[in-house]
Amino acid sequence: MKKNPLWKVLNGIGLLILITIFALPFVWMISTSFKTLGETMVFPPKWIPDTLLWENFSKAWNSGPFLKYFFNSTIVALGILVLQFLTIIPAAYAFARYKFKGSNFFFGVTMVTLMIPTQLIFLPVYLQMSAWGLLDSLWALILPFASSAFGIFLLRQSFKQVPEELLEAARLDQASEWQIIMRIMVPMAKPVLITFAMFSFIAHWNDYFWPLVMTTTDASRTLPLGISKLREVDGGVAWNILMAGNLILVVPILFVFFFAQRQIIRAFVYTGVK
Amino acid sequence: MSLGKARPYLMIFPAILVFTLFFIYPIGYMIYLSFHDWNFISPDKNYVGFNNFTALLQDAKFMQVLRNTFIYSALTVSLTISISLLLALWLNRKGAMYGFVQGAIFSPHIISLVSISMLWMWLMDTDYGLLNWFLNLFGISNVPWLTNPKTSLLSLIIVAVWKGIGYYTLIFIAGLQSIPKDIYEAAALDDTSKVRTFFKLTLPMLSPTLFFLTIIGLIGSFQVFETISIMTGGGPINSTNTIVYYIYENGFRFFKIGYASTAGVLLLGIIGVFTILYFRLLSRKVHYQ
Amino acid sequence: MAEIRLENVVKRFNEDEVVKNLNLTIADGSFTVIVGPSGCGKSTTLRMIAGLESPTSGDIWIGDQCVTNVEPGKRNIAMVFQNYALYPTMTVRKNIEFGLVNKKVPKAEREALIQEISDIVGLTEHLDKKPQQLSGGQRQRVALARAMVKKPKVFILDEPLSNLDAKLRGQMRRELIQLHKRLGTTFIYVTHDQVEAMSMGDQIILLDQGVVQQVDSPMNMYHDPNNVFTAEFIGTPAMNILERERLEIFLPSLMDRVRHVGFKPEHAHISAEMEKMSDHLVMKSEIITTETLGAETIYTVMNQAGTMNIKSFTEPITDTQKVYIAIPFDQLYFFDENEKRIRATEDYMEAPMPAMVGGA
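Since we're looking at a predicted model, the values are computed, not measured.

1. Brief notes about the interface of chain A and chain B
No. 1: The interface of chain A with chain B comprises 90 residues on the first partner and 84 residues on the second.
No. 2: Of the roughly 7900 Å² buried where chain A meets chain B, counting both sides, 81% is carbon and sulfur surface.
No. 3: It is Phe-22, Phe-43 and Leu-120 of chain A in chain A that bury the most area against chain B; as a group they hold 9% of the surface buried on that side.
No. 4: At the boundary of chain A and chain B, one finds zero salt bridges.
No. 5: Summed over the shared surface of chain A and chain B, the result is eleven residue pairs in polar contact (both at pLDDT 80 or more).
No. 6: With 14 residues, the single largest contributor to the side of chain A that touches chain B is helix 6 (residues 118–132) of chain A.
No. 7: Considered class by class, the residues forming the side of chain A that touches chain B number 65 nonpolar, 19 polar and six charged.

Below, the structure is given as structure tokens:
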């Protein structure tokens with residue numbers, strides 16, 4: 001297999017086909033987003049439009065309060081991340097480092113929530129939010145994700161690996177428990193925290209289901225919802241505008257992915273391998 | 001130390017509070033609602049016992065929803081796993097080119113399902129879609145991917161497989177790389193054939209990964225919603241309606257809260273069974289490793 | 001004044017009594033080594049002094065303050081850990097500084113202290129490196145510097161040299177001795193290695209199964225063991241302990257209470273020819289193994305009384321396996337049924353020993 005040149009060629013062709021299957025749709029997306037509406041209705045399709053219609057992007061952007069959506073998406077994804085850090089760090093530390101009555105029970109509760117998808121319980125949570133008057137607010141999008149069982153699980157593993165000696169040394173150095181967490185544990189768990197942050201941010205930045213269920217007005221809608229609303233522009237589907245809008249959503253993520261590919265892949269694969 | 005025994009409880013409190021309010025309590029509430037008839041607007045919730053359950057199980061539409069869900073899950077998971085296992089065996093190599101290909105096939109995984117759905121709607125457009133143009137090159141006439149009940153569910157499966165393959169492949173690659181090299185060297189010294197090495201060494205060593213991906217794949221695909229909501233709206237003629245979408249429709253469009261909750265309880269039960277099954281099988285596998 | 005006293009200290013882990021009613025005084029400014037086999041309770045004792053474990057009962061005093069319920073950080077104690085326990089995310093400088101910041105020492109003073117200490121231990125050029133970039137010996141120095149910078153009343157060292165290679169260990173041993181002289185602070189040093197204990201301590205506390213076996217200076221420990229345990233722990237190789245029954249033909253006049261007889265390997269003479277020696281216990285023996293170490297030779301020999309080690313400083317015997325060993329009567333040690341030493345001659349012997357030779 002190593003020496004046969006025919007194999008090498010076939011292998012190369014195979015890789016090329018593979019890349020095509022995954023890259024071509026995106027190329028098609030880019031191509032469409034620069035077309036006129038007329039050009040999208042040509043069959044067989046045109047790969048390169050006659051003129052690059054940049055106004056498709058401004059049309060998409062101006063078809064709704066996209067600045068507001070963008071702002072909401074940012075607040076929600078970052079807000080969730082900050083709250084998650086605040087809740088998972090102490091919890092993971094307690095589960096990793098203290099022996100206390102009921103620790104198994106509470107850790108069990110945490111692990112159960114890892115198994116329960118939010119898609120399953122949106123209805124009761126929706127009713128709950130409605131009872132609290134939080135529907136159609138950013139709170140409804142942030143609060144349910146203010147902690148993460150998965151994050152606690154990952155961080156607990158990493159905290160457990162810190163040798164006990166290190167904590168004893170810090171205690172002899174008159175460090176408080178809070179200082180031990182912030183000055184020793186958290187810096188040591190930094191790679192895990194970054195991994196988790198990427199995972200969490202991407203998941204909530206992309207989320208469509210939860211905002212769809214919890215919001216009713218543009219005041220609290222996020223980017224994915226705004227983009228999905230593009231379908232309703234001008235009655236029929238304007239694929240060029242739609243693809244332009246989606247490109248606005250996709251490009252930043254792909255851009256980040258291009259530069260932090262290794263970290264992002266690790267973040268997701270890590271979540272799978274545990 | 002001054003906080004003494006209360007400290008760990010204080011530290012886990014915020015997290016446990018969030019889990020209780022938004023996971024544990026809602027499940028209880030959902031079970032409670034499944035025994036009631038309620039339209040969300042009226043102040044009264046009428047206790048109806050198991051009526052919702054019996055009604056649901058006699059509902060032909062729900063039966064179709066269940067069937068759709070199972071077909072969708074079974075096909076999505078089995079296709080994704082078998083294709084990505086092959087890809088992993090192929091792409092598990094060092095080198096910039098393989099790294100690039102791995103990145104490329106992974107990229108759909110980090111993109112919003114909204115964009116994926118819209119992109120594929122456009123690719124699968126019957127008259128102007130790229131997919132049909134491509135099939136035309138081979139003399140196949142236009143396929144009405146999303147508008148024909150015969151192909152609509154399959155179309156959603158294709159999208160799910162396309163999106164999931166990269167992630168699964170990379171996890172398989174991670175699994176392959178965690179297999180110690182020396183057992184392959186030992187096998188080579190024993191003059192073991194490639195096929196035999198795969199079935200007798202690689203596959204058994206990979207079985208925990210295989211199990212894991214199967215279970216998270218199944219649980220994940222039971223919850224499919226985004227592609228359906230954007231691409232087909234459950235149609236045509238219910239051919240792509242699955243459980244979560246069904247719950248959403250009943251709750252938010254028809255305001256049958258109790259009925260929707262009952263479907264939710266059933267899904268919870270199904271997921272519970274699979275989870276328990278997973279841990280059972282896993283514990284049986286443990287001594288194997 | 002930082003004398004350390006342990007009064008009736010008991011430590012139990014669940015059912016296990018790891019430390020049994022310990023009473024100890026560690027003199028101010030001493031270099032005290034707590035030594036014993038693994039599981040003897042030495043680390044637990046040390047950790048109780050540091051405050052990392054609290055005693056099940058009993059009290060611990062540092063100077064005239066009872067510290068039993070004082071937090072570790074408030075005891076004015078510094079500790080060097082077996083695996084150094086350096087904070088991996090901080091530079092050497094930050095590692096040394098960490099405790100000072102917690103004590104709210106002003107910045108200018110901190111920097112002066114760090115400068116001073118890193119000069120002493122020779123770390124000045126490594127201050128901005130992370131621990132992972134340092135060698136084992138350098139890490140050891142950082143751990144020392146981190147302890148020293150706090151100017152503690154007591155230094156506690158928990159097997160600090162066990163992770164170093166043999167050569168570096170010797171060097172660090174000498175450096176620690178010099179450091180102790182220079183600082184004049186109380187050092188408490190835990191080790192399982194009797195060579196370290198003998199070479200470094202001015203007081204040795206020998207523990208076994210949570211009970212103090214002997215507290216003494218190294219030379220007393222060596223020359224005057226209280227019991228079989230001490231005798232068998234100290235020395236390389238340690239004292240040979242023989243059963244009385246197998247020695248009766250050599251030593252017929254032993255009193256009944258003597259159960260064990262011991263002698264040090266270096267006190268026996270070994271030769272191929274039988275020499276008539278009065279006041280000696282002479283045994284015909286066979287060499288089983290010979291370890292030549294250059295300056296000395298260690299033989300393992302077998303005879304009627306059992307197997308024993310002999311250390312000789314003369315040229316190794318190579319031409320024969322059959323030898324005679326001779327031990328002066330006044331170099332024999334006697335122990336009773338509780339393995340306690342019997343010191344007075346009239347307590348172990350009925351009549352003066354005749355010169356005797358036993359055949360093998």
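2. Some thoughts on unusual backbone geometry
No. 1: The linkage connecting Thr-236 of chain C with the following residue, Pro-237 of chain C, adopts the cis geometry, with an omega of -15°.
No. 2: With phi around 65°, Gln-174 of chain A is a residue other than glycine that occupies positive phi space.
No. 3: Among the structural elements, Gln-174 of chain A can be located in the loop between helix 9 (164–172) and helix 10 (177–188).
No. 4: Residue classification places Gln-174 of chain A among the partly exposed residues on the basis of a relative accessible area of 24%.
No. 5: Notably, Asn-76 of chain C is not glycine yet its phi reads approximately 60°, a positive angle.

3. A look at the packing of aromatic side chains
No. 1: According to the stated counting rule, one finds 51 aromatic pairs over all chains in the structure shown.
No. 2: Among the aromatic residues, those joined into a ring-pair cluster are Phe-122, Tyr-126 and Phe-209 of chain A together with Phe-225, Tyr-245, Tyr-248 and Phe-252 of chain B.
No. 3: The positively charged end of Lys-256 of chain B is found above the aromatic ring belonging to Tyr-259 of chain B, 4.5 Å away from the centroid.

4. Comments concerning the pattern of salt bridges
Close approach of charged atoms lets side chains of opposite charge pair.
Residues and elements named next belong to chain C.
No. 1: Throughout the structure, instances matching the rule amount to 25 salt bridges over all chains.
No. 2: Lys-151 serves as the salt-bridge partner of Glu-116, at 3.4 Å between the closest nitrogen and oxygen. Pair noted here: Glu-116 is in helix 3 (residues 107–121) and Lys-151 is in the loop between helix 4 (136–148) and strand 7 (154–158), with a separation of 35 residues, a long-range link.
No. 3: You can call Lys-151 partly exposed: its relative accessible area is 48%.
No. 4: Among the ionic pairs, Glu-296 bridges to Lys-311, the shortest N-O distance being 3.6 Å. Of this pair, Glu-296 sits in the loop between strand 14 (280–292) and strand 15 (297–303) while Lys-311 sits in strand 16 (residues 306–312), and the two are 15 residues apart along the sequence. For the pair Glu-296 and Lys-311, a shared accessibility class is recorded, and that class is buried.

What counts, and at which threshold
- Residues numbered from 1 in each chain as written.
- Chains lettered and ligands numbered in written order.
- Predicted model: local features only at pLDDT ≥ 70, side-chain atom pairs only at ≥ 80, totals over all residues.
- Heavy atoms only, no water.
- Contact = heavy atoms within 4.5 Å.
- Buried area = accessible area lost by both parts, 1.4 Å probe.
- Salt bridge = Lys/Arg side-chain N within 4 Å of Asp/Glu carboxyl O.
- Polar contact = N/O pair within 3.5 Å; in protein donor to acceptor, adjacent residues only side chain to side chain.
- Helix = DSSP H or I, 4+ residues; strand = E, 2+ residues; numbered from the N terminus.
- Nonpolar A, V, L, I, M, F, W, Y, C, P; charged D, E, K, R; others polar.
- Buried < 20%, exposed > 50% of the residue type's maximum accessible area, 1.4 Å probe, protein only.
- Phe/Tyr/Trp six-rings, centres within 6.5 Å; stacked < 30°, edge-to-face > 60°.
- Lys NZ or Arg CZ within 6 Å of the ring centre and 35° of its normal.

What is shown is where atoms sit, not what they do.
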